[in-house]
Amino acid sequence: WCTVMEGEAFSNQAIADYLNANFLPIKVDREERPDLDSIYMQALQMITGQGGWPLNIFLTPDDLIPFYGGTYFPVEPRYGRPGFLDVLSSLRRFYDQEKEKLNGIKAQIKGGLEQANLITVTDPTELITKELLAKGIETNLGVIARNTLGSPSFPMIPYADLALRGSKLEFNSRYQKEDIAIQRGKDLALGGIFDHVAGGFHRYTVDATWTVPHFEKMLYDNGLIVEYLANLWSAGAQEPSFQRAIALTGEWLKREMTAPEGYFYAAQDADSFPNPEAKEPEEGAFYVWSYEELQNLLSGYELKQLTTEFTVSPEGNFEGKNVLQRRHNHQLSTNLEQILDQLFLVRYGRSREELTSFPPARNNQEAKLLSWERRIPPVTDTKMIVAWNSLMISGLARAYAVFAEPSYWELAIDATQFILNNQWVEGRFYRLNYDGEPSVLAQSEDYTFFIKALLDLHAANPKQSQWLTTALNIQQELDRLFWCEEGGGYYNNGSDDLDTLPLRERSYNDNATPSANGVAVANLVRLSLLTDELEYLDKAQGILSTFGHVLHKYPQSCPSLVTGLYWYLYPTSVRTKASILEELVPQYFPTSTFLLQSDLPENSLGIVCQGLACQKPATTLEELLTQIRSN
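To keep things clear, this report deals only with the structure shown in the data block. Note that the structure is a prediction, hence the values are computed from the model and not measured. (Residues numbered from 1 in each chain as written. Predicted model: local features only at pLDDT ≥ 70, side-chain atom pairs only at ≥ 80, totals over all residues. Heavy atoms only, no water.)

### Description of the packing of aromatic side chains
Threshold: Aromatic rings from Phe, Tyr and Trp, taking only the six-membered ring of Trp, are treated as a pair when their centres fall within 6.5 Å; an angle between ring planes under 30 degrees marks them as stacked, one over 60 as edge-to-face, and anything in between as tilted. A run of H or I in DSSP counts as a helix once it spans at least four residues, and a run of E counts as a strand once it spans at least two, with each numbered from the N terminus. Buried, partly exposed and exposed residues are distinguished by accessible area as a fraction of the type maximum, computed with a 1.4 Å probe on protein chains only: under 20%, between the cut-offs, and over 50%, respectively.
In total, this model carries 29 aromatic pairs according to the counting rule given. Centroid distance F58 to Y68: 6.1 Å. Interplanar angle 45°. Geometry classified as tilted. One end of the pair, F58, is in strand 1 (residues 56–59); the other, Y68, is in strand 2 (residues 66–70), and 10 residues separate them in sequence. Residue classification places F58 among the buried residues on the basis of a relative accessible area of 8%. Taking the relative accessible area as the measure of exposure, Y68 reaches 29% and is therefore partly exposed. With centroids separated by 5.1 Å and ring planes inclined at 85°, the aromatic side chains of Y348 and F358 adopt a geometry described as edge-to-face. Here Y348 is found in helix 14 (residues 334–348), whereas its partner F358 is found in the loop between helix 14 and helix 15 (364–369), with 10 residues between them in sequence. Each member of the pair, Y348 as well as F358, carries the same accessibility label: buried. An aromatic cluster is present here, built from F215, F286, Y287, F318, F344, Y348, F358 and W372 joined pairwise through their rings.

Printed below as a string of structure tokens:
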């Protein structure tokens, strides 16, 4: 509907003339400024009782306080909605003539926003308990279990990740925690949400059966899913489909989503042109297959093999065409992989081996006019977003730790180095990069996700200490600019970035990505374990105290904070020698950090510390593993 309104109302000359003459129109990219979107979405919910996009909000110019808002407005009245020009003229008249009412509405909305952001700090000894953790895990298990029955189906990785972590913790639960975690992995790796031909995960499926996706591919989803599938594998769920999905996603990332400078692009559109003559792009045109096309391409035997393994039929499952979804969870045969290679060739015009780089179409004009060997690809959003790149770096780092595939490490390091070399301007971190130009001051999610990425690089290769050192330096900047001294927790915006904001938020709820404060808790506990500096543990406790009431009342809104609580209650530090690290790093330990230590006691392999107490030095690998798992 954002696109519809752009093509209708904002392209209408009469509306444009009136808007430009009577208002100051500002178009905001939500991906650039999630902080503004969060504040004004709250205001819209207060005004209309519901939210959604497009988000059209009207502010008074002196103080930027909202007084009216809505989502989609048609050009002419329809769908029970007023025409946009009528809305604009009524608002202009109201603003000029009804100052008393206007000020009353503003005061009400401002008061509501301030009230919504009041946070009651709790006594950590009362609420930050193992019972609260068990309740948080159980509630979020219920959320993801119910999601398997609903429609549409989203990855919901913060919930799935908590289910996997919770499977390693013993408490009474009505759910099979590990089964729920593994099933979510199978849904992702086998479903139509995954591009089985060329790799990469789409955004969600429109149905409850994981069959037909909304075909957009977002970088953040792929980073979160890759990390999750790698963790499933390392936890013992070594399904061939998990390894294949990670490998193909790595190939897609390198081929289509990596800039020559090393960073990762933000997203690929859902729509693409079916042919150069088409006036409008179509949903999924790049990805779906007609049965007739498959008949012409494949032999009868090959088509039978494909239909046995994938959801392929003459009638199709998406507007008469076929989205490939696997029917079974086993390793694909060599013959089936060769059939999928043929489909890759038809889509791209060259084989996987030949096509190591596939330059992006940056807009619809490029998509239509550039010379493509076969199908016209969807448009790629080529901006670099630090937070999203960080999630992908974390996914690649974990995949490298588990599978020891060098290309994962190389991709992760190149993106990390780009951020370190390009995103600081005059000592301040920037969130975006457009073609080499940094833009928009970084927000707390950029800091916390990037710190996590650096810690994940260190976890994947503890022998390289520079990633920990860099994480510590960036944590200092985060603390200086974003920490709330009055109550604890991190604001969304830095203290030097307040000019356009009616208030400062401290977000705690997870959306498609984890919350900055949830990730920050885990980061701080990890930093404390890796440095023995208790100030980081104090800050982690401060965040949990700040949001303790939320954790108690609404744990389903903040699975990442529950994960942070898990780290806080069960922190484990392992100090060992290089040869043992190689054994430990690929395994799954949900709240453990690893440090290379050369001066261990004589005849010992390592020391395990849990919280503020250490166990006796372990003299065998079996003893060391038992100590780690005893937490």
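### Details of the sheet that holds strand 16 (residues 606–610)
Basically, it comes down to this: Between any two strands, pairing holds if DSSP finds at least two bridges.
Read from one edge to the other, the open sheet built from four strands follows the order 15-14-16-17, with strand pairing classed as mixed. Of all strands in the sheet, those bounded by a partner on one side alone are strand 15 (592–596) and strand 17 (613–614). Two strands pair when backbone bridges link them, and strand 14 (residues 572–576) and strand 15 are joined in this way by five bridges, in the parallel orientation. Among the inter-strand pairings, T572 is bridged to a residue of strand 15, identified as S592.

### Focus: empty space enclosed by the protein
Here is the rule we go by: Only protein atoms enter the calculation, which uses a 1 Å grid: trapped sets of points that fit a 1.4 Å probe without letting it out are cavities, open sets showing protein on both sides within 12 Å along at least five of seven lines are pockets, and any residue with an atom within 4 Å of a point is a lining residue. Grid points are joined across faces, edges and corners, and a volume is the space filled by probe spheres set on the points.
A full pass over the atoms with the stated rule returns three cavities of 30 Å³ or more. Of the volumes computed, that of the largest cavity is approximately 690 Å³. Forming the walls of the largest cavity are 37 residues, and the residues nearest its centre are R165, E227, K452, D456 and R526. Counting only elements with at least two residues in the lining of the largest cavity, the list comes to helix 8 (157–166), helix 10 (219–234), helix 16 (386–403), helix 18 (444–460), helix 20 (516–531), helix 23 (559–569) and strand 15.

### Observations concerning the pairing of strand 2
Buried residues dominate strand 2, accounting for four of its five residues. Note: strand 1 against strand 2, four bridges, orientation antiparallel. In the strand pairing of strand 2, F58 is matched with Y68. Between the end of strand 1 and the start of strand 2, which pair antiparallel, lie six residues, with L64 showing a positive phi angle near 60°.

### Regarding helix 8
When you tally the buried positions in helix 8, you get 10 out of 10 residues, the bulk of the element. All of the buried residues along helix 8 are I157, P158, Y159, A160, D161, L162, A163, L164, R165 and G166.

### Regarding the sheet that holds strand 6 (residues 267–268)
Sheet architecture is open: three strands sit in the order 5-6-9, paired in antiparallel fashion. Of all strands in the sheet, those bounded by a partner on one side alone are strand 5 (217–218) and strand 9 (380–381). Note that strand 6 and strand 9 share two bridges and pair antiparallel. Across the sheet, A267 pairs through a bridge with D381, a residue of strand 9.

### Focus on a negative patch on the surface
Formally: Here a patch means residues that are over 30% exposed by relative accessible area and free of salt bridges, tied together within 9 Å if like-charged and within 5 Å if nonpolar (Val, Leu, Ile, Met, Phe, Trp, Tyr). Using a 1.4 Å probe, accessible areas were evaluated by the Shrake-Rupley method; residue-level cover was limited to the displayed protein chains. The term salt bridge refers to a side-chain nitrogen of Lys or Arg lying within 4 Å of a carboxyl oxygen of Asp or Glu. Charge assignment in this entry is limited to Lys and Arg as positive and Asp and Glu as negative, and neither His nor the chain termini are counted. To locate a charge, take NZ of a lysine, CZ of an arginine, CG of an aspartate or CD of a glutamate.
Together, D269, D271, E282 and E319 line one region of the surface with negative charge. Mapped onto the fold, D269 is located in the loop between strand 6 and strand 7 (271–272).

### What about the pattern of salt bridges?
Tallying each qualifying case throughout the model produces 32 salt bridges. Across the salt bridge formed by D96 and R92, the nearest N and O atoms sit 2.9 Å from each other. Pair noted here: D96 and R92 are both in helix 4 (residues 84–97), with a separation of four residues, about one helical turn. Classification of D96 as partly exposed rests on a relative accessible area of 42%. For E445, the salt bridge identified is with R431, shortest N-O distance 2.9 Å. With E445 in helix 18 and R431 in strand 12 (residues 428–434), this residue pair connects regions lying 14 residues apart in the sequence. Under the relative-accessibility criterion, E445 is labelled buried at 15%. Several salt bridges converge on common partners, so that one network encompasses D29, E31, D381 and K383.

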